[in-house]
Amino acid sequence: MVTGSKKIWMDGALVDWDEASVHVLTHSLHYGLAAFEGIRCYEGKAGSNIFRLQEHVDRLFESAHITMMPMPFTKKEVSDAIVETVRVNQLASCYIRPIAYVGYGAMGVYPGDNPIRLAIAAWPWGSYLGEDALVQGIRAKISSFTRHHVNVSMTRAKISGYYVNSILAKWEAKKSGYAECILLDPDGYVSEGTGENVFIVKKGVLKTTPLTSILDGITRNSILEMARAKNIPVIEERFTRDAMYVADEIFLTGTAAEVTPVRELDDRKIGEGRPGALTKCLQDNFFRIVRGEEPAYANWLTPI
């Protein structure tokens, strides 16, 4: 259950959490066209900071542009509103969800001149995949569901309706006793998780799927920058599921999942069956950065 906070920002005004509602005939509720972001705010010794706020706002606007939703606010207004929402709710650390959606008006697939609405909520949220996931790693499976084709879904956009695919895959994984699943692309290569990008490590080389048919994850991008700064060899290329079986390490990245190791895939132990050294190195560095303990990455943080 979501732990409610005090206020939600809606179309320029802060409203009480329990009063933040929309009409049942809101277009996006029926047809799934809404652009959203997941953002985290972390508490550090010197205060609280939102991680890579500008990159998230940029991607929100890109998603809206790709799907032809004219944003009713500027990027600065949205950034300021996100900071204000965290402040007014007095949250030291939290998850933040801005969503732009097609409002009430005409029905039917074509939204016509329906207004584009914007809401921003923030609430406390711990480890997405479970309390032990970050430390012990998770068990995952390859999904029977295929990830998006680039001419079916605009994969560079983070759109609500695309996550029906994720919901079905996640149901399958959870019902089978796994914490998460990894989906293949239409050609049979590894794509991404239900809400995460995928990394593997083999003989000291870090490899991840290219941006041909996956979401351009902001945590993914952060890991790549961190790895290159540490002179860790990085390759962005397609790979198969059996390459994952024989990998030394696997981990998933995302705003919600952060940096989550995978200790087992399809009932096969990965490496030593526990988080590997390179995974732990990058994970530790990531958490130092978000807590404001790495001055070189201070530009990734927006203070509250």
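The protein chain carries the name Branched-chain-amino-acid aminotransferase in an unreviewed UniProt entry, which gives Candidatus Nitrospira allomarina as its organism. Per UniProt, the protein chain has the following entry under Function (unreviewed entry): "Acts on leucine, isoleucine and valine." What UniProt states about the protein chain under its Sequence similarities (unreviewed entry) heading is, verbatim, "Belongs to the class-IV pyridoxal-phosphate-dependent aminotransferase family."

S.K.: What exactly am I supposed to notice about the pattern of salt bridges here?
M.R.: Two side chains of opposite charge can pair, provided their charged atoms sit close to one another. In the structure shown here, the tally under the stated rule is 21 salt bridges. Taking the shortest distance from any N to any O, the salt bridge between R52 and E55 comes out at 3.0 Å. For R52, a relative accessible area of 5% puts it in the buried group. The exposure class assigned to E55 is partly exposed, which follows from its relative accessible area of 26%. The salt bridge involving E294 is made with R288; its shortest N-O contact spans 2.8 Å. For E294, a relative accessible area of 22% translates into the label partly exposed. With relative accessibility at 27%, the residue R288 sits in the partly exposed group. A network of salt bridges, in which partner residues are shared, links R52, E55 and E225.

S.K.: Even after reading the chapter, I still don't get a nonpolar patch on the surface, so can you show me in this structure?
M.R.: Together, V24, L25, L29, Y31, Y104, M107 and V109 give the surface a local cluster of nonpolar side chains, amounting to about 700 Å² of exposed area. For L25, the position within the fold is in the loop between β2 (13–16) and α1 (27–31).

S.K.: Looking at this structure, I do not really get unusual backbone geometry. What am I missing?
M.R.: Leaving glycine aside, a negative phi is the common case for residues, and trans is the common case for peptide bonds. Look at D11: it is not a glycine, yet its phi comes out positive at around 50 degrees. Phi at M68 is positive, roughly 60 degrees, even though this residue is not glycine. Note that M68 resides in the loop between α2 (53–66) and α3 (75–88).

Thresholds applied
- Residues numbered from 1 in each chain as written.
- Predicted model: local features only at pLDDT ≥ 70, side-chain atom pairs only at ≥ 80, totals over all residues.
- Heavy atoms only, no water.
- UniProt positions renumbered as here; feature names shortened; annotations may be inferred.
- Salt bridge = Lys/Arg side-chain N within 4 Å of Asp/Glu carboxyl O.
- Buried < 20%, exposed > 50% of the residue type's maximum accessible area, 1.4 Å probe, protein only.
- Patch = residues over 30% accessible without salt bridge, like charges linked within 9 Å, V, L, I, M, F, W, Y side chains within 5 Å.
- Areas by Shrake-Rupley, 256 points an atom, 1.4 Å probe, with all protein chains shown as cover.
- Helix = DSSP H or I, 4+ residues; strand = E, 2+ residues; numbered from the N terminus.

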